[in-house]
Amino acid sequence: MKKIKLDIVGLSYSQTQSGAYALVLGELGGNRRLPIIIGGFEAQAIAVEIEKMQPSRPLTHDLFKTFADNFQINIQEVLIYNLIDGIFFAKLVCSNGDKTFDIDSRTSDAVALAVRFGAPIYVYDFIMDAAGIVIESNDFAFLENLEGLPKENTMTSATPTPTEKEHSPTSPYFNMSDDQLEANLKKAIEAEQYETAAKIRDEIDRRKNG
């Protein structure tokens with residue numbers, strides 16, 4: 001099967017489903033995007049590394065990276081290898097120098113580790129054909145309602161329940177000044193509230209790109 005290389009295009013927060021994010025992966029050299037529903041903690045783990053935030057203590061994925069480095073284990077690539085009933089399956093292709101082996105993983109964990117190891121991310125072409133969305137820009141407004149998008153291969157906090165309240169379509173940081181946003185971002189990082197920090201960063205990026 002043909003493998004397609006992916007880049008991380010962004011993380012989109014749902015305004016209508018509590019705790020739900022879409023990890024958006026983009027086809028390298030193409031205009032197809034692969035959105036995957038993930039939870040807040042998983043989105044945080046990816047955003048922290050992308051934004052080069054410095055947590056005061058190692059996060060789980062940072063600990064995994066340090067552990068692997070000490071035992072000379074490297075992640076060569078991440079492969080999203082299946083899509084069954086709307087659920088993605090991924091694996092880490094690892095090497096200790098002597099042999100190569102695969103480790104099953106949730107897609108979000110695999111991506112969080114890929115950015116830390118500098119490993120490429122791939123998907124089989126049949127998955128991109130089935131779940132890819134063609135868009136001409138990085139406007140992810142169509143992802144605000146994440147109903148029906150493919151999910152992780154295990155339950156995460158991204159799975160909404162019927163009792164969850166809908167978010168207001170306006171960001172809680174909408175009325176803050178740029179200086180207030182930067183100050184709150186710093187406080188959130190110092191307090192290790194990385195999900196909050198990611199949301200503040202989203203608002204800062206929205207203003208820069210707006």
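Refer to the structure above for everything that follows.
Quick caveat: nothing in here was measured; it's all calculated off a predicted structure.

Colleague: Tell me about the pattern of salt bridges, and please be specific about residues and values.
Modeller: Summed over the entire model, instances satisfying the criterion amount to 10 salt bridges. Between Arg-32 and Glu-27 there is a salt bridge; the shortest N-O distance is 3.0 Å. Residue Glu-27 is classed as buried on the basis of its relative accessible area, which comes to 18%. Between Lys-91 and Asp-102 there is a salt bridge; the shortest N-O distance is 3.2 Å. Of this pair, Lys-91 sits in strand β5 (residues 87-95) while Asp-102 sits in strand β6 (residues 100-105); the two residues are 11 residues apart in sequence, bridging distant segments of the chain. For Asp-102, a relative accessible area of 46% corresponds to the partly exposed category. The structure contains a network of salt bridges with shared partners spanning Glu-27, Arg-32 and Asp-129.

Colleague: Now, about the packing of helix α1 (residues 40-50) against helix α3 (residues 107-117): what can you tell me, with residues and values included?
Modeller: It is at 9 Å that the axes of α1 and α3 come closest, and there the two elements cross at 10 degrees. By the angle between their axes, α1 is roughly parallel relative to α3. The residues of α3 that touch α1, namely those facing Glu-42, Ala-45, Ile-46 and Glu-49, are Ser-108, Val-111, Ala-112, Val-115 and Arg-116. Considered class by class, the residues forming the contact of α1 with α3 number five nonpolar, one polar and three charged.

Cut-offs applied
Residues numbered from 1 in each chain as written. Predicted model: local features only at pLDDT ≥ 70, side-chain atom pairs only at ≥ 80, totals over all residues. Heavy atoms only, no water. Salt bridge = Lys/Arg side-chain N within 4 Å of Asp/Glu carboxyl O. Buried < 20%, exposed > 50% of the residue type's maximum accessible area, 1.4 Å probe, protein only. Helix = DSSP H or I, 4+ residues; strand = E, 2+ residues; numbered from the N terminus. Axes fitted to C-alpha atoms, helices over the stretch in contact; angles between N-to-C directions. Parallel < 35°, antiparallel > 145°, perpendicular 65-115°, else oblique. Contact = heavy atoms within 4.5 Å. Nonpolar A, V, L, I, M, F, W, Y, C, P; charged D, E, K, R; others polar.

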